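# Inside the fold
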Amino acid sequence: MAKFKPLPPLEELQKVLSYDPETGVFVWASKPSRKTVVGSVAGSIDSSTGYRRIRLKDVMWYAHRIAWYMQTGEDPRAFTVDHINRDRSDNRIQNLRLATRPQQNLNTAIHSDNTSGFRGVTFHKPNKRWQARLGINGKFKSLGLYDTREEAAAVYREAAMAHYGEFVGDLT
């Protein structure tokens, strides 16, 4: 499980931030620093990660984690907060869900070096067939060899859905 530092107390966050769950936007409700303008959008998008981060008392916090905390009252400390639509700046509560790291890793775009066009499917050169493999607990489980990549993809999808459920997302 992921380990994140505890968020500031909920009451403290509610004093300085206002969160709109419909839009996912945070605005400053009060002035935590001299430069803060009350009513302005809080935080900024990190250019290297795409996540909105908000600075409070010289500590940067991810906005999606604050959004989850402010809406549920639950600090998501042991979990990641996954963006369902993969847009890291979309912090609407309907777009957020708690996930383990393996679950969140499934909700990513297919790798650019993927040659099959399907997640979990590779070409097995010795047998000249398509292999389906599913990662479980840091290890790959072979799901067999198939004549077509589509067959292998169908087997992978079924196994992934059985093991990870809603987190599987788009497999192509």
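Scroll up a little and you will see the structure.
Worth saying up front: this structure is predicted, and the values here are computed from it rather than measured. (Residues numbered from 1 in each chain as written. Predicted model: local features only at pLDDT ≥ 70, side-chain atom pairs only at ≥ 80, totals over all residues. Heavy atoms only, no water.)

## Comments concerning the overall build of the protein chain
- Regarding its fold elements, the protein chain presents four helices and ten strands.
- Taken from N to C terminus, the helices and strands of the protein chain fall in the order α-β-β-β-β-β-α-β-β-α-β-β-β-α.
- Taken against the 2.2 N^0.38 rule, which gives 16 Å for 172 residues, the C-alpha radius of gyration of the protein chain at 20 Å runs more than 25% over that of a compact globule.
- A burial count over the protein chain gives 35% of its 172 residues as buried.
- Put simply, 43% of the contacts in the protein chain that link residues at least 6 apart link residues at least 24 apart.
- On the protein chain, roughly 10,200 Å² of surface is accessible, and the fraction owed to carbon and sulfur atoms is 51%.
- Separation of charge centres in the protein chain, based on 26 positive and 18 negative side chains, amounts to 7 Å. (Helix = DSSP H or I, 4+ residues; strand = E, 2+ residues; numbered from the N terminus. Rg over C-alpha atoms; globule rule 2.2 N^0.38 Å. Buried < 20%, exposed > 50% of the residue type's maximum accessible area, 1.4 Å probe, protein only. Contact = heavy atoms within 4.5 Å. Areas by Shrake-Rupley, 256 points an atom, 1.4 Å probe, with all protein chains shown as cover. Lys, Arg positive; Asp, Glu negative; His and termini not counted. Charge placed at Lys NZ, Arg CZ, Asp CG, Glu CD.)

## Section: helix α4 (residues 149–164)
- The end-to-end C-alpha distance of α4 is 21 Å, a good match for the 22 Å that 16 residues give at a rise of 1.5 Å each.
- Buried residues of α4: Ala152, Ala153, Tyr156, Ala159, Ala160 and Tyr164, and no others. One face of α4 carries all of its buried residues, which in axial projection span an arc of 135°. When the buried face of α4 is taken as reference, the exposed residues oriented beyond 90 degrees from it are Glu158 and Ala162.
- Tucked into the core, α4 has its buried residues touching α3 (101–106), β8 (121–124), β9 (129–136) and β10 (139–146).
- Phi turns positive, to about 60°, at Gly165, one or two residues after α4. (Expected span 1.5 Å × (residues − 1). Arc of directions from axis to C-beta.)

## Focus on the sheet that holds strand β5 (residues 59–62)
- In space, the three strands of this open sheet follow the order β3-β4-β5, with antiparallel pairing throughout. The open sheet is flanked by β3 (44–45) and β5, the only strands paired with a single partner.
- Pairing of β3 with strand β4 (residues 52–56), which is carried by two bridges, proceeds in the antiparallel orientation. Bridge pairing links Ser44 to Arg53 in β4.
- Packed on one face of the sheet, helix α2 (residues 63–72) meets β4 and β5 and runs near 70° to β5. (Pairing = 2+ DSSP bridges. Axes fitted to C-alpha atoms, helices over the stretch in contact; angles between N-to-C directions.)

## Here's the deal with the pattern of salt bridges
- Applying the stated criterion across every chain yields a total of six salt bridges.
- One salt bridge connects Arg53 with Asp46, and the closest N-O pair in it is separated by 3.4 Å.
- Look at Arg53 and you get partly exposed, because its relative accessible area is 24%.
- Since its relative accessible area comes to 16%, Asp46 is described here as buried.
- Notably, a salt bridge pairs Asp82 with Arg97, separated by 2.9 Å at the nearest N-O pair. (Salt bridge = Lys/Arg side-chain N within 4 Å of Asp/Glu carboxyl O.)

## Notes on the side chain of Gln131
- Following the sequence through the fold, Gln131 ends up in strand β9.
- Polar side-chain contacts of Gln131 include one of 3.3 Å to the side chain of Ser142.
- Ignoring any residue separated from it by four or fewer positions in sequence, one finds Gln131 in contact with Gly120, Val121, Thr122, His124, Ser142, Gly144, Leu145 and Ala152. (Polar contact = N/O pair within 3.5 Å; in protein donor to acceptor, adjacent residues only side chain to side chain.)

## A word on the environment of Trp130
- Among the secondary structure elements, Trp130 is positioned in strand β9.
- Setting aside chain neighbours within four positions, we find Trp130 in contact with Ser116, Val121, Thr122, Phe123, Gly144, Leu145, Tyr146, Asp147, Thr148, Arg149 and Ala152.

## Focus on unusual backbone geometry
- Not every positive phi belongs to a glycine, and Lys57 is a case in point at roughly 50°.
- Its place among the elements puts Lys57 in the loop between β4 and β5.
- Residues other than glycine seldom take positive phi values, yet Asp58 does so here, at roughly 60°.
- Here Asp58 lies in the loop between β4 and β5.

## Some details on the sheet that holds β9
- On the basis of which strands lie adjacent, the open sheet formed by three strands has the order β8-β9-β10 and antiparallel pairing. With one partner strand each, in any of the chains shown, β8 and β10 form the two edges of the open sheet. Each neighbouring strand pair of the sheet contributes to a mean axis angle of 35°, computed without reference to strand direction.
- Two elements, β9 and β10, share six bridges in a ladder whose sense is antiparallel.

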